[in-house]
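Spelled out, the chains give:
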Amino acid sequence: RWNNAHPCYTLGCSACHSRHIREDILTKTYVAALNKMTGDYDKVMTTLQDSADVLSKEYPIEQLDEISDRIIEIQTEVMKVHRKKQQGKIDSDKYEQQIEKLKQELQENETKQHELQQATTKISHIKDWMKEFGEHLETAQMDGKYDGVVIKKLVNKIKMYDDRIVVEFKYG
């Protein structure tokens with residue numbers, strides 16, 4: 001990407017004193033540094049999978065169907081209470097108490113449902129990222145949609161010297 005304020009962009013390459021490097025060399029250097037940092041691919045992927053499993057346990061997504069069913073049940077109960085009120089089978093106080101109780105339970109279940117739906121999306125994104133990252137480590141290729149994200153998350157600096165390139169990671 002070109003930076004509009006960069007001399008190469010505004011004045012041309014002859015006015016720029018920045019060091020330039022071919023992208024394929026930078027890519028190979030980054031991948032080599034990443035592989036050196038991670039060392040054991042299987043261990044890294046196991047650690048990532050364990051982290052995703054912890055998140056999955058924190059948000060038991062299998063409960064989503066149960067909560068949806070309970071929301072439908074509560075809505076049905078509200079209709080029954082409303083019919084009883086219309087038929088004169090319960091008084092206004094009893095009606096208000098039951099409706100308030102059902103309303104509170106409905107709100108709680110809708111909140112849980114929303115949280116689980118968000119967690120489902122988040123876990124799905126994490127698994128997609130893990131798959132992409134695993135392929136990234138395994139194949140040493142940088143052509144996926146998450147590679148820029150991986151680089152931004154892991155790399156602090158890339159320093160270029162005349163005889164070498166140093167990749168500094170944020171972690172490790």
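Please read all numbers here as calculations on a predicted model, not as lab measurements.

Visitor: Explain the overall build of the protein to me, please; I cannot follow it from the model alone.
Guide: Each helix and strand counted, the protein has six helices and two strands in total. Along its sequence from the N terminus, the protein presents helices and strands in the succession α-α-α-α-α-α-β-β. Counting over 172 residues, the protein shows a buried share of 23%.

Visitor: I would appreciate a short explanation of the pattern of salt bridges in the present structure.
Guide: Note on pairing: side chains with opposite charge can pair once their charged atoms come close. Applying the stated criterion across every chain, the model contains three salt bridges. Taking the shortest distance from any N to any O, the salt bridge between Arg70 and Glu105 comes out at 2.7 Å. One end of the pair, Arg70, is in helix α4 (residues 63-86); the other, Glu105, is in helix α5 (residues 92-139), with 35 residues separating them in the sequence. The class of Glu105 is partly exposed, set by a relative accessible area of 22%. Counted as one network, the salt bridges with shared partners bring together Arg70, Glu73, Glu77 and Glu105.

Visitor: Got a minute to help me understand the confidence of the model for the protein in this structure?
Guide: Detail in the predicted coordinates should be disregarded across regions flagged by low pLDDT. The predicted model of the protein has a mean per-residue pLDDT of 76, with 62% of residues at 70 or higher. Highest mean pLDDT in the protein belongs to α4 (94); lowest belongs to helix α1 (residues 7-10) (57).

Visitor: When you look at α4 in this model, what are you seeing that I'm missing?
Guide: Along an α-helix, residues three or four apart share an orientation, since each turn contains 3.6 residues. Under the 1.5 Å per step criterion, the end-to-end length of α4 is 35 Å for 24 residues, consistent within 8% with the ideal 34 Å. For α4, every residue scored as buried is listed here: Leu64, Ile67, Ile71, Ile74 and Val81. Following α4 by one or two positions, Gly88 has its phi on the positive side, about 75°.

Visitor: How should a negative patch on the surface be read in this particular structure?
Guide: On the surface, Glu62, Asp65, Glu66 and Asp69 cluster together into a patch of negative charge. Inspection of the secondary structure assignment puts Asp69 in helix α4. Among the residues examined, Asp69 registers a relative accessible area of 44% and is labelled partly exposed.

Visitor: Help me understand the nonpolar core in this model?
Guide: Looking at soluble globular proteins, one finds that nonpolar side chains tend to be buried together. Ranked by size, the top nonpolar core spans ten residues in total: Leu64, Ile67, Ile71, Ile74, Val81, Ile90, Tyr95, Leu102, Leu106 and Leu116. Mapped onto this core, the elements with two or more residues apiece are α4 and α5. The element contributing the most residues to this core is α4, with five residues.

Visitor: Where do I start with a positive patch on the surface in this structure?
Guide: On the surface, Lys80, Arg83, Lys84, Lys89 and Lys94 cluster together to form a positively charged patch. The residue Lys89 is located in the loop between α4 and α5 in this model. Note on Lys89: relative accessible area 63%, which makes it exposed.

Visitor: How should the side chain of Gln113 be read in this particular structure?
Guide: Residue position: Gln113 is located in helix α5. Side-chain polar atoms of Gln113 contact the side chain of Ser68, separated by 3.1 Å. Among residues more than four places away in sequence, those in contact with Gln113 are Leu64, Ile67, Ser68 and Ile71.

Visitor: Could you clarify how one ought to interpret the side chain of Asn109 in this entry?
Guide: Along the chain, Asn109 falls in helix α5. Judged by relative accessible area, which is 10%, Asn109 ranks as buried. A distance of 2.8 Å separates a polar atom in the side chain of Asn109 from the backbone oxygen of Glu105. The residues contacting Asn109, other than those within four sequence positions of it, are Ile67, Arg70, Ile71 and Ile74.

Visitor: Any chance you could explain the environment of Val166 here in plain terms?
Guide: Considering the arrangement of structural elements, one finds Val166 in strand β2 (residues 165-169). Distance in space between the C-alpha atoms of Val166 and Thr29 is 8.3 Å, their sequence separation being 137 residues.

Here is what the cut-offs are and how they apply
- Residues numbered from 1 in each chain as written.
- Predicted model: local features only at pLDDT ≥ 70, side-chain atom pairs only at ≥ 80, totals over all residues.
- Heavy atoms only, no water.
- Helix = DSSP H or I, 4+ residues; strand = E, 2+ residues; numbered from the N terminus.
- Buried < 20%, exposed > 50% of the residue type's maximum accessible area, 1.4 Å probe, protein only.
- Salt bridge = Lys/Arg side-chain N within 4 Å of Asp/Glu carboxyl O.
- pLDDT = per-residue confidence, 0-100.
- Expected span 1.5 Å × (residues − 1).
- Patch = residues over 30% accessible without salt bridge, like charges linked within 9 Å, V, L, I, M, F, W, Y side chains within 5 Å.
- Areas by Shrake-Rupley, 256 points an atom, 1.4 Å probe, with all protein chains shown as cover.
- Lys, Arg positive; Asp, Glu negative; His and termini not counted.
- Charge placed at Lys NZ, Arg CZ, Asp CG, Glu CD.
- Core = buried A, V, L, I, M, F, W, Y, C linked by side-chain atoms within 4.5 Å.
- Polar contact = N/O pair within 3.5 Å; in protein donor to acceptor, adjacent residues only side chain to side chain.
- Contact = heavy atoms within 4.5 Å.

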